[in-house]
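Coordinates in review
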Amino acid sequence: MAIVVVGAVFVDVKGFPDEKYIPAGRNAGKIEIVHGGVGRNVAEDIANVELRPTFVSLVDDTAEGEEVINKLRNHKVNTDYIVRARNGMGMWLAVFDNIGDIAGSISRRPVMDALVTLLDEKGDEIFRNADSIIIEIDLDKEIVKRVFRYAEKYGKRVYAVVANMSIASQRRDFLQSIDCFVCNQQEAAILFVSDFSEMSPEELCEDLSRRVINAQIPSMVVTMGSRGAVYADMYGDKGIYPAQKVSVRDTTGAGDAFCAGVVIGLTYGKTMRESVEIGTRLAASVITLSENVCPRFMPRELGLDIKVGE
């Protein structure tokens with residue numbers, strides 16, 4: 001039994017300026033290349049809480065693709081359902097400013113066709129014994145449809161995260177079939193075609209609760225950076241959870257770690273508020289590093305009474 005994560009793999013190329021970042025200038029600094037992708041990050045975050053997730057994805061049929069698989073295996077991620085394919089990995093280029101925020105980025109999406117074939121051939125064995133499912137809701141529609149079909153067949157809870165909200169906003173009907181959707185403030189604004197930028201956490205919490213009920217989305221969690229996170233479900237439960245104060249090195253991957261923590265909590269019996277607390281702790285641990293994932297935690301450190309996998 002394990003959490004199954006369905007998502008993409010990216011190679012992240014990140015630039016950090018030595019001095020104050022000048023958008024139109026030539027900025028001296030350093031460049032780092034790390035494995036990324038929302039789904040890949042979430043799977044490794046779950047593994048770093050000593051759980052043993054299954055990752056369903058694609059990698060390039062190259063040495064770099066093998067490196068991605070080997071790293072995940074070393075973190076005890078089940079990689080049996082990662083397909084090697086041409087252009088199976090995407091690439092994300094990002095430049096950061098002096099306080100660790102993204103100043104600009106460009107991404108190239110992977111070609112995910114081979115994942116449809118994998119799900120058709122092995123979907124039953126992938127999902128039959130899953131504890132829950134996490135999916136990037138902006139994946140190709142045929143992939144999303146198949147995942148929901150298996151989830152319904154085996155009665156599995158589905159949690160959604162997003163890489164590209166412009167695509168995900170066209171999938172609003174799918175959000176009524178998930179147990180919880182996790183996104184940030186900007187992504188929520190795209191989804192609801194609204195401007196949340198000037199809202200306080202208290203205001204956003206009330207507004208989110210109303211929208212979730214009206215849209216019949218089972219539950220949502222929206223992160224607000226240094227102002228914490230808000231959550232609401234369609235039955236009226238809602239709340240605010242503060243962010244942890246830490247020194248910021250790089251915000252990449254914080255949202256993915258937050259999602260992993262929330263889903264871990266909800267999968268293994270925690271309340272929404274308790275799950276958001278776990279997500280907050282994992283996110284805070286990521287932004288102090290240049291890596292895209294959280295460091296190692298034991299489940300008991302997060303209030304989880306879960307047997308650690310071998």
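Figured I'd write up the structure that's included with this text. (Residues numbered from 1 in each chain as written. Predicted model: local features only at pLDDT ≥ 70, side-chain atom pairs only at ≥ 80, totals over all residues. Heavy atoms only, no water.)

So, about the sheet that holds strand β5 (residues 82-85). The strand order β5-β4-β1-β8-β9-β10-β11-β12-β13 describes an open sheet built from nine strands, whose pairing is mixed. Where the open sheet ends on each side, the last strands, each with one partner, are β5 and β13 (238-241). Here the strands of the sheet are splayed against their neighbours by 15° on average, with no regard to which way each runs. The strands touched by helix α3 (residues 113-127) within the sheet are β1 (2-6), β4 (54-60), β5 and β8 (130-136), with β4 carrying the most contacts at an inclination of about 160°. (Pairing = 2+ DSSP bridges. Helix = DSSP H or I, 4+ residues; strand = E, 2+ residues; numbered from the N terminus. Axes fitted to C-alpha atoms, helices over the stretch in contact; angles between N-to-C directions. Contact = heavy atoms within 4.5 Å.)

Let's shift gears to the nonpolar core. Judged by nonpolar contacts, the single largest core of 56 residues is most densely connected at Val6, Val56, Phe127, Ile137, Phe181 and Met220. Apart from residues no more than four positions distant in its own chain, Val6 is found in contact with Val56, Leu115, Phe127, Ile134, Ile135, Glu136, Leu139, Ile143 and Val147. Val9, Ala43, Leu266 and Leu304 belong to the second largest nonpolar core, which has 49 residues in total. (Core = buried A, V, L, I, M, F, W, Y, C linked by side-chain atoms within 4.5 Å. Buried < 20%, exposed > 50% of the residue type's maximum accessible area, 1.4 Å probe, protein only.)

The final tally for this structure, using the stated rule, is three aromatic pairs. Pairing Phe16 with Phe96 gives two aromatic rings, centres 5.0 Å apart and planes at 15°, and the pair type is stacked. One end of the pair, Phe16, is in strand β2 (residues 10-17); the other, Phe96, is in strand β6 (residues 90-96), and 80 residues separate them in sequence. Aromatic side chains Phe148 and Phe174 sit 5.5 Å apart centroid to centroid with 5° between the ring planes, which places their arrangement in the stacked category. Of the two residues, Phe148 is situated in helix α4 (residues 141-154) and Phe174 in helix α6 (residues 172-175); the sequence distance between them amounts to 26 residues. Grouping residues by exposure puts Phe148 and Phe174 together as buried. (Phe/Tyr/Trp six-rings, centres within 6.5 Å; stacked < 30°, edge-to-face > 60°.)

Another aspect to go through is unusual backbone geometry. Non-glycine residue Lys76 carries a positive phi angle of around 70°. Tracing the backbone through its elements, the reader meets Lys76 in the loop between α2 (63-74) and β5.

With that out of the way, let us pick up the pattern of salt bridges. Between side chains of opposite charge, a pair can form when the charged atoms approach closely. Tallied over the full model, the rule gives 15 salt bridges. The partner of Arg40 in a salt bridge is Glu44, with the nearest N and O atoms 2.6 Å apart. Of the two residues, Arg40 and Glu44 both sit in helix α1 (residues 38-47), four residues apart, roughly one turn of that helix. Lys153 serves as the salt-bridge partner of Asp124, at 2.7 Å between the closest nitrogen and oxygen. Highlighted residues: Asp124 in helix α3 and Lys153 in helix α4, separated in sequence by 29 residues. Among the residues examined, Asp124 registers a relative accessible area of 25% and is labelled partly exposed. Here the residues in one salt-bridge network are Asp120, Glu142, Lys145 and Arg146, joined through shared partners. (Salt bridge = Lys/Arg side-chain N within 4 Å of Asp/Glu carboxyl O.)

Right, let's get into the pairing of β1. The buried count for β1 comes to five of five residues, which makes it a mostly enclosed element. Here five bridges tie β1 to β8, and the two strands are oriented parallel to one another. Directly across from Ala2, in β8, lies its bridge partner Ala130. Across three bridges, the pairing between β1 and β4 is parallel. Bridged to Val6 within β4 is Val56.

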